[in-house]
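Take a look at the letters that make up each chain.
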Amino acid sequence: MRPDQIQPEMYEKQLHDKQADLAELMATLSLPEMEVYASAPTHYRMRAEFRIWHDGDDLFYAMFDSADPRTPIRTDQFLAASTQINTLMPQLLDAVRDTPILRHKLFQVDFLTTTTGEALISLLYHKPIDDEWNAAAQQLNKAFPACHFIGRSRKKKQILTRDFVMETLTVHGQKFHYQQVENSFTQPNAGISEKMLEWALDVTKDASGDLLEMYCGNGNFSIPLARQFDRVVATEISKVSVNSAQLNIAINGMHNVQVVKMASEDVSAALNGDTELPKSLVQAGVSELSPSVVLVDPPRAGLDDATVELVRKIDAILYVSCNPETLKANLEALSSTHDVVRFAMFDQFPYTHHVETGVYLQRKTTA
């Protein structure tokens, strides 16, 4: 996304157009009225990545247009990014510009911020990071006491203080705390993330029993939803996300959530009876689990056939999607057993064609 594409005065129109496009895509399905959740029109992204462009004695943040990937677009400020990122951008460049060891062959800066004022800054280099760089970076860190710094070079990661921030999201007036690790998946739009969590709690408010969750990430949904279910068994393939989820479960005081490191395909094969139940799932108590709801938040490819067959066995399905096209295909496959009773659009990525969607399905009632 180019900086000039962020036009707050056009936000309502782009939101309406996005809603119309989604409705047209889903027109062949039997869906309830779409619930639309708007983003803040500016300063909604809690993370941002910028290339660093060197021009003689000058250096500046740059972004690129996919139609012209060789021409840098100078980006002194970025309206999509949090106010904290915009504040840090010039301050960081001023500090790096005057320190040759920090400036030399710096090619990218990644920012990760939180609603509570924490910031993690990653400096990426086309050169080895050595003791001289580390000493200079330590001084840089002292100049930015509210920030944490990481250096990256040729697969080497140098952590100065820590490689994560602690985010706090407020959901129906209750605060939930999450570790967010550098270079791992987190929802970039904190305001929309809170709305998604509130929606998920609302659609499942009448559910009871157990919850099975797949693609749980760092426990973003697992932890608030755990208050509404007897037990939650959640699975995730990323080791970093699993470790964060387990920490987040502990710091939020949840005692009824267990996370298992396992790919969704393997979980589906085991629970469909195609393979022997793995020890990790047995230890998590999945044999005694009686899920009334299954939550899936898959990558853009959507659900594979085995996972579709697994979720159709459960009475209610909460499906969070980042790709409406694969969602549509999955809903068509599930239409023989389930009806969509809630349908929502979350504008996670304003000024782009990307859209986040939530659907809640319940098993068809027999005549």
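Per chain, the residues get numbers from 1 upward, laid out in the order the sequence is written. Reporting in this predicted model follows two pLDDT cut-offs: at least 70 for local features of residues, and 80 or more for side-chain atom pairs to be given and counted; totals over whole chains, interfaces and linings ignore these cut-offs and use all residues. Only heavy atoms go into the side-chain values, all of them from the structure, while hydrogens and water stay out.

### Things to note about the sheet that holds strand S17 (residues 356–363)
Across a sheet, strands are paired by hydrogen bonds formed along the backbone, either parallel or antiparallel in direction.
Here's step 1: We call two strands paired when DSSP finds no fewer than two bridges between them. Helical segments are the DSSP runs of H or I of at least four residues, strand segments are the runs of E of at least two, and each set is numbered from the N terminus. Read from one edge to the other, the open sheet built from 8 strands follows the order S1-S16-S17-S15-S14-S11-S12-S13, with strand pairing classed as mixed. The open sheet has two edge strands with one neighbour each: strand S1 (35–37) and strand S13 (257–261). Averaged over all adjacent pairs, the angle separating strand axes in this sheet is 15°, with direction ignored.
Here's step 2: Relative to strand S15 (residues 316–321), strand S14 (residues 291–296) runs parallel, the two being bridged by 4 bridges. Looking at the pairing, Val294 lines up with Ile317 of S15.
Here's step 3: Any pair of residues with heavy atoms lying within 4.5 Å of one another is described as a contacting pair. Note on geometry: axes are C-alpha line fits, over the in-contact stretch for helices, and angles between N-to-C directions span 0 to 180 degrees. In the packing of helix H5 (residues 190–203) onto the sheet, the strands contacted are S1, S15, strand S16 (338–346) and S17, and the crossing angle to S16 comes to about 160°.

### Concerning the nonpolar core
Here's step 1: By size, the foremost hydrophobic cluster in this structure holds 72 residues, and its most contacted members are Leu92, Phe111 and Leu123.
Here's step 2: Among the elements that line this core, the one with the most residues is helix H2 (residues 83–97), at 6 residues.
Here's step 3: Sequence-distant contacts of Phe111, that is, excluding residues within four places in its chain, are made with Met46, Arg47, Ala48, Phe50, Tyr61, Ile85, Leu88, Met89, Leu92, Leu120 and Ile121. In this text, buried Ala, Val, Leu, Ile, Met, Phe, Trp, Tyr and Cys residues form a nonpolar core when linked through side-chain atoms within 4.5 Å. Buried means the residue's accessible area, taken with a 1.4 Å probe over protein chains only, is under 20% of the maximum for its type, while exposed means over 50%, and partly exposed covers the values in between.

### Quick word on the UniProt feature "active site" (unreviewed entry) in the chain
Here's step 1: UniProt's entry tags Cys322 and Glu356 with the feature "active site" (unreviewed entry), counted in the numbering of this structure. The annotated residues occupy 35 residues of the chain but converge on a single region, no pair of C-alpha atoms lying more than 4.7 Å apart. Put simply, the named residues that line the second largest pocket are Cys322.
Here's step 2: Along the polypeptide, Cys322 turns up in the loop between S15 and helix H11 (324–334).
Here's step 3: For Glu356, the location among the structural elements is in strand S17.
Here's step 4: If we ignore the near neighbours within four places in the chain, the residues touching Glu356 are Gln187, Met196, Asp297, Val320, Ser321, Cys322, Ala344, Met345, Phe346, Gln348 and Phe349. UniProt positions are given in the numbering used here, feature names are shortened, and annotations may be inferred rather than shown by experiment. Here a cavity means grid points, on a 1 Å grid over the protein atoms only, where a 1.4 Å probe fits yet cannot get out; a pocket means an open set of points with protein on both sides within 12 Å along at least five of seven lines; lining residues are those with an atom within 4 Å of a point.

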